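Structural features, examined
What follows is the residue order along each chain.
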Amino acid sequence: MENSLKEKTFKNNEIIISKTDLKGRILYGNSAFIKLSGYKEKEFLGKPHNIVRHPDMPRVVFKLLWEHVKNGKEIIAYVKNLCKDGSYYWVMAFVTPSFNENGDIVGYHSMRLSPKREAIKIISELYAKLIEIEKSQGVQESEKFLEKILEEKGVSYEEFILSL
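Position labels on residues start from 1 in each chain and follow its written sequence. Confidence filtering applies because this is a predicted model: local features only for residues at pLDDT of at least 70, side-chain atom pairs given and counted only at 80 or more, and all residues used for totals across whole chains, interfaces and linings. Just so you know, side-chain values use all the structure's heavy atoms and leave hydrogens and water out.

Turning our eyes to something else, we now look at the environment of I161. Under the scheme used here, helices are H or I runs from DSSP no shorter than 4 residues and strands are E runs no shorter than 2 residues, and both carry numbers assigned from the N terminus. Relative to the elements of secondary structure, I161 occurs in helix 6 (residues 157–163). When a residue's accessible area, from a 1.4 Å probe over protein chains only, is under 20% of the maximum for its type it is buried; when over 50% it is exposed; and in between it is partly exposed. For I161, a relative accessible area of 0% puts it in the buried group. In this analysis, two residues are considered to be in contact whenever any of their non-hydrogen atoms come within 4.5 Å of each other. Residues within four places of I161 in sequence aside, it is in contact with I76, A77, Y78, M92 and I123.

So this is what it looks like as C-alpha cells:
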C-alpha cells in the first residue's frame, strides 16, 4: 500500500454515513463515505464494513463497539479507517443499532464526524499501546489495560472519548 502514511481529512461540516446489516455487511454508504474511502458503491455494498478497518486499530475497541450495539446501546469511538488506496482517515464515530417497529435490532448505523486534531495524538498513543499488548498478550489483556486506564480516570470509554 503505497499511501499508508498519507492521511486524508474531511471538513468539519461533512458527515460520513453508513448502514450495515446484523453481520456488519454494508447496505449503504453516503457520498462522503464513497469519496473518503475511495471505493465505488458497487465495490463495498454487501461487503463487511471492516473493508475499511485500518491495521492500527486495536481489536479491543471493536470488541467494545460490538458489545454495545448488539445490546441495543449506542457508542462513540475514535476510529482510524483505511482507504482503498492505502491512505487513511480518522473519524469520531457514533454507532447505533437500528430497530424495527417491534424493537428488534435489524442493523447498525454509523455517523462519523471529523475528529478533534488534538485528540488524535492522545488516541493514537493509546491505540498503539493496546495493539502492542494485543500482539504480545492477547485482546483480553488489552481490555484489562483499557479498563484500568478508564477506572483510574473514573470514566466510561465514551466519557473518555468525549473528554478528548
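Once that is clear, we can look at the pairing of strand 5 (residues 105–113). As defined by bridge partners, strand 1 (residues 16–20) adjoins strand 5 across five bridges and the pair is classed as antiparallel. Of the residues in strand 5, the one forming a bridge with K19 is H109. Pairing between two strands requires that DSSP report at least two bridges joining them. Taken together, the eight bridges between strand 4 (residues 88–99) and strand 5 define a ladder with antiparallel strand orientation. Bridging across to strand 5, F94 finds its partner in M111.

Within a pair of aromatic rings, the relevant descriptors are the distance that separates the centres and the angle that separates the planes. For Phe, Tyr and Trp, rings pair up if their centres lie within 6.5 Å, where Trp contributes its six-membered ring, and each pair is then called stacked (planes under 30 degrees apart), edge-to-face (over 60) or tilted (otherwise). Applying the stated criterion across every chain, the model contains three aromatic pairs. Consider the rings of W66 and Y108, whose centres lie 5.2 Å apart with planes at 90°: the pair is edge-to-face. Of the two residues, W66 sits in helix 3 (residues 59–70) while Y108 sits in strand 5, which places them 42 residues apart along the sequence. Judged by its relative accessible area of 27%, W66 is partly exposed. Taking the centre distance of 6.2 Å and the plane angle of 35° together, the rings of W90 and Y127 count as tilted. Placement of the pair is W90 in strand 4 and Y127 in helix 4 (residues 117–137), with a sequence separation of 37 residues.

Ranked by size, the top nonpolar core spans 44 residues in total, and within it Y78, I123, Y127, Y157 and I161 carry the most contacts. Of all elements in the fold, only helix 1 (31–37), helix 3, strand 3 (75–82), strand 4, helix 4, helix 5 (139–153) and helix 6 reach the threshold of two or more residues within this core. At seven residues, strand 4 tops the list of elements feeding residues into this core. In this view, Y157 contacts V61, L64, I75, I76, A77, Y78, Y127, L146 and L150; residues no more than four positions away in its chain are not counted. Take the buried residues of types Ala, Val, Leu, Ile, Met, Phe, Trp, Tyr and Cys, join any two whose side-chain atoms come within 4.5 Å, and each joined set is a nonpolar core.

Another aspect to go through is the environment of H68. Tracing the backbone shows H68 in helix 3. A relative accessible area of 19% places H68 in the buried class. Placed 55 residues apart in sequence, H68 and I123 show a C-alpha to C-alpha distance of 20 Å. Setting aside anything within four residues of it in sequence, one finds H68 in contact with K73, E74 and I75.

Take the pattern of salt bridges next. One speaks of a salt bridge when a side-chain nitrogen belonging to Lys or Arg is within 4 Å of a carboxyl oxygen belonging to Asp or Glu. Per the counting criterion, the structure on display carries 12 salt bridges. One salt bridge in this structure joins E141 and K144, with 3.2 Å as the shortest N-O distance. Of this pair, E141 and K144 both sit in helix 5, separated by three residues, roughly a single helical turn. For E141, a relative accessible area of 29% puts it in the partly exposed group. Here the salt bridges share partners, and the residues they tie into one network are K63, E67 and E143.

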